[in-house]
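Reading the structure
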Amino acid sequence: GAVVSQHPSWVICKSGTSVKIECRSLDFQATTMFWYRQFPKQSLMLMATSNEGSKATYEQGVEKDKFLINHASLTLSTLTVTSAHPEDSSFYICSANQGWLVTEAFFGQGTRLTVV
Amino acid sequence: AQTVTQSQPEMSVQEAETVTLSCTYDTSESDYYLFWYKQPPSRQMILVIRQEAYKQQNATENRFSVNFQKAAKSFSLKISDSQLGDAAMYFCAYRSRDSGYALNFGKGTSLLVTP
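The structure presented is a predicted model; accordingly, all values stated were derived computationally and were not measured.

**Looking at the overall build of chain A**
Looking only at helices and strands, one finds zero helices and 11 strands in chain A. What you see in chain A, going N to C, is helices and strands ordered as β-β-β-β-β-β-β-β-β-β-β. The C-alpha radius of gyration of chain A comes to 13 Å, within 12% of the 13 Å expected for a compact globule of 116 residues. Overall size of chain A, expressed as C-alpha extent along the three principal axes, is 40 × 25 × 20 Å. Every one of the 116 residues in chain A was classed for burial, and the buried ones make up 50%. If you sum the accessible surface of chain A, you get close to 5700 Å²; carbon and sulfur atoms cover 53% of it. Of the side chains in chain A, 9 bear a positive and 9 a negative charge, and the two mean positions are spaced by 7 Å.

Written as structure tokens, this is what we have:
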């Protein structure tokens, strides 16, 4: 099956610094990738939709200047949390569509971000 | 906007027994996809089963089956012969063209399996 690799699995950073999370589709081309955030004991909330070669579409309430998303190739999307604060600590998960196939979404392993 | 509702925050089942997790959704579209995902403590999202709205037949995957009632906008998951490894969070999810094919998740049901 299609594999999505997300890196790093966990990261600790200091307040005010930036951290980049990568999401790679290893064996397929991902036309569209999605970024979700999950707080403890809560559901996954969509942050943004990322299409290769174009600007990401952010959900209401998500600061696009804080959460920079780049989808420069058909196999890589990155999420950069800029000027991180403790309240940005969360679990971030990406998923990818294989081409135009929409019957399944392929998820990365997720990244646990802790801002201290 | 589409909403997905899971009204059971927690469920418990004895090993080898059957349990049903509930999910309802709200949409004005006729073409969409429904999913059940399992999230174990590792937090990796695992697809359990999916249902295309245009298909009348309920999806089945081994011990997992759904009861899809399109008119009632209901999509419940039945787990038969429950196993200890089934213990996890279960999320019901919806996707359609209107949402750009992003997944819209319910709040989840935590399933406990007792020996």
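Moving on from the model shown.
**Some remarks on the sheet that holds strand β3 (residues 19–25) of chain A**
Think of a sheet as strands paired side by side through backbone hydrogen bonds, with each pair either parallel or antiparallel. Residue and element names in this part refer to chain A. Strands sit in the order β1-β3-β8-β7 across an open sheet of four strands; the sheet is antiparallel. A strand with exactly one partner marks an edge of an open sheet, and here the two such strands are β1 (4–7) and β7 (67–73). With direction set aside, neighbouring strand axes in the sheet form an average angle of 15°. Direction of pairing for β7 relative to strand β8 (residues 76–81): antiparallel, over a ladder of five bridges. Its bridge partner being in β8, I69 is matched across the sheet by L79.

**Some remarks on the environment of A:G53**
Residue and element names in this part refer to chain A. Here G53 lies in the loop between β5 (44–51) and β6 (57–58). Taking relative accessible area as the criterion, G53 reaches 66% and is therefore assigned exposed. In sequence terms G53 and H85 are 32 residues apart; their C-alpha atoms lie 29 Å from each other.

**A few points about the packing of aromatic side chains**
Tallying each qualifying case throughout the model produces 14 aromatic pairs over all chains. Ring geometry for A:F28 against A:F106: centres 5.6 Å apart, planes inclined by 50°, an arrangement best described as tilted. A residue pair is termed long-range when its members are at least 10 positions apart, and A:F28 in the loop between β3 and β4 (30–38) and A:F106 in strand β10 (residues 106–107) qualify at 78 residues. Judged on exposure class, the residue A:F28 and its partner A:F106 are both buried. Ring pairing ties together the aromatic residues A:Y36, A:F107, B:F35, B:Y37, B:F91 and B:F105, which thus form one cluster.

**Focus: the interface of chain A and chain B**
Listed as interface residues are 19 residues of chain A and, on the opposing side, 19 residues of chain B. Its largest share of buried area at the contact with chain B, chain A owes to A:V102, A:T103 and A:F107, together 33% of the area lost on that side. Between chain A and chain B we count one salt bridge in total. Residue B:R50 pairs with A:E104 through a salt bridge whose shortest N-O separation is 3.2 Å.

**Considerations on the pattern of salt bridges**
Residue and element names in this part refer to chain A. In this structure the tally under the stated criterion is six salt bridges over all chains. Salt-bridge contacts for D88 lead to K66; the nearest nitrogen and oxygen are separated by 2.8 Å. Of this pair, D88 sits in the loop between β8 and β9 (90–98) while K66 sits in the loop between β6 and β7, and the two are 22 residues apart along the sequence. There is no split in this pair, since D88 and K66 are both buried.

**Here we look at the state of the cysteines**
Applying the stated criterion across every chain, the model contains two disulfides over all chains. Here A:C13 stays free of any disulfide, with the sulfur of A:C94 as its closest cysteine sulfur at 18 Å.

**Describing unusual backbone geometry**
The linkage connecting A:H7 with the following residue, A:P8, adopts the cis geometry, with an omega of 5°. Mapped onto the fold, A:P8 is located in the loop between β1 and β2 (10–13). Backbone geometry places B:R43, a non-glycine residue, at a positive phi of 75°. Its place among the elements puts B:R43 in the loop between β5 (33–39) and β6 (46–52). The backbone phi angle of B:D81 is positive, close to 50°, even though this residue is not glycine. Judged by relative accessible area, which is 40%, B:D81 ranks as partly exposed.

The rules we used
Residues numbered from 1 in each chain as written. Chains lettered and ligands numbered in written order. Predicted model: local features only at pLDDT ≥ 70, side-chain atom pairs only at ≥ 80, totals over all residues. Heavy atoms only, no water. Helix = DSSP H or I, 4+ residues; strand = E, 2+ residues; numbered from the N terminus. Rg over C-alpha atoms; globule rule 2.2 N^0.38 Å. Buried < 20%, exposed > 50% of the residue type's maximum accessible area, 1.4 Å probe, protein only. Areas by Shrake-Rupley, 256 points an atom, 1.4 Å probe, with all protein chains shown as cover. Lys, Arg positive; Asp, Glu negative; His and termini not counted. Charge placed at Lys NZ, Arg CZ, Asp CG, Glu CD. Pairing = 2+ DSSP bridges. Axes fitted to C-alpha atoms, helices over the stretch in contact; angles between N-to-C directions. Phe/Tyr/Trp six-rings, centres within 6.5 Å; stacked < 30°, edge-to-face > 60°. Contact = heavy atoms within 4.5 Å. Buried area = accessible area lost by both parts, 1.4 Å probe. Salt bridge = Lys/Arg side-chain N within 4 Å of Asp/Glu carboxyl O. Disulfide = S-S within 2.5 Å.

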